[in-house]
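Close look at the chain arrangement
If you want the building blocks of each chain, they are given just below.
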Amino acid sequence: MPANYVEASRWLRSAAGQGLPFAQAMLGVMQAAGEAVPQDFSESYFWMIIANAGLGAGEVKDAIGEEFEDAVSLLRVNADCYAFE
């Protein structure tokens, strides 16, 4: 059965809204990458911060691995584009 990322994003949004840090982190990753949801760095940052508050940065990173690093890199690049000099 092929992966259905749109359906996964719906379930993750529901779980994230109920306060589950893993779901919050994964939703943040999906939004940073634009996977099955519109790419939205502000929304991604919001969910990553909420997940970190619930678990701690180390635990979030351990839970979702390399995808966490990829999302953080995308957020940093996006932030650099809008930084004031």
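Scroll up to find the structure this text is about.
Report follows, based on the coordinates.

What follows deals with the overall build of the protein chain. Looking only at helices and strands, the protein chain features 5 helices and 0 strands. Per-residue burial for the protein chain yields a buried fraction of 32% across its 85 residues. Within the protein chain, counting contacts between residues at least 6 apart in sequence, those at least 24 apart form 47% of the total. Summing over all exposed atoms, the protein chain offers an accessible surface of approximately 5,600 Å²; the carbon and sulfur share of this is 58%.

Glancing now at the packing of aromatic side chains. When we look at a pair of aromatic rings, we describe it by the centre distance and by the angle of the planes. Summed over the entire model, instances satisfying the criterion amount to 1 aromatic pair. Each ring, one from phenylalanine 46 and one from tryptophan 47, has its centre 4.9 Å from the other, and the planes form 75°; the classification is edge-to-face. Relative accessible area serves as the criterion here: at 41%, phenylalanine 46 is assigned to the partly exposed category.

The next subject is helix 3 (residues 41–55). With 15 residues, helix 3 should cover 21 Å at 1.5 Å per step; its first-to-last C-alpha distance of 21 Å lies within 8% of that length. Burial in helix 3 covers these residues: Ser44, Trp47, Met48 and Ala51. All buried residues of helix 3 project into a common sector of 100° when viewed along the axis, lining one side. Facing away from the buried side of helix 3 by over 90 degrees, the exposed positions are Ser42, Tyr45 and Ala53.

Scoring rules and cut-offs
- Residues numbered from 1 in each chain as written.
- Predicted model: local features only at pLDDT ≥ 70, side-chain atom pairs only at ≥ 80, totals over all residues.
- Heavy atoms only, no water.
- Helix = DSSP H or I, 4+ residues; strand = E, 2+ residues; numbered from the N terminus.
- Buried < 20%, exposed > 50% of the residue type's maximum accessible area, 1.4 Å probe, protein only.
- Contact = heavy atoms within 4.5 Å.
- Areas by Shrake-Rupley, 256 points an atom, 1.4 Å probe, with all protein chains shown as cover.
- Phe/Tyr/Trp six-rings, centres within 6.5 Å; stacked < 30°, edge-to-face > 60°.
- Expected span 1.5 Å × (residues − 1).
- Arc of directions from axis to C-beta.

Just distances and angles here, no functional claims.
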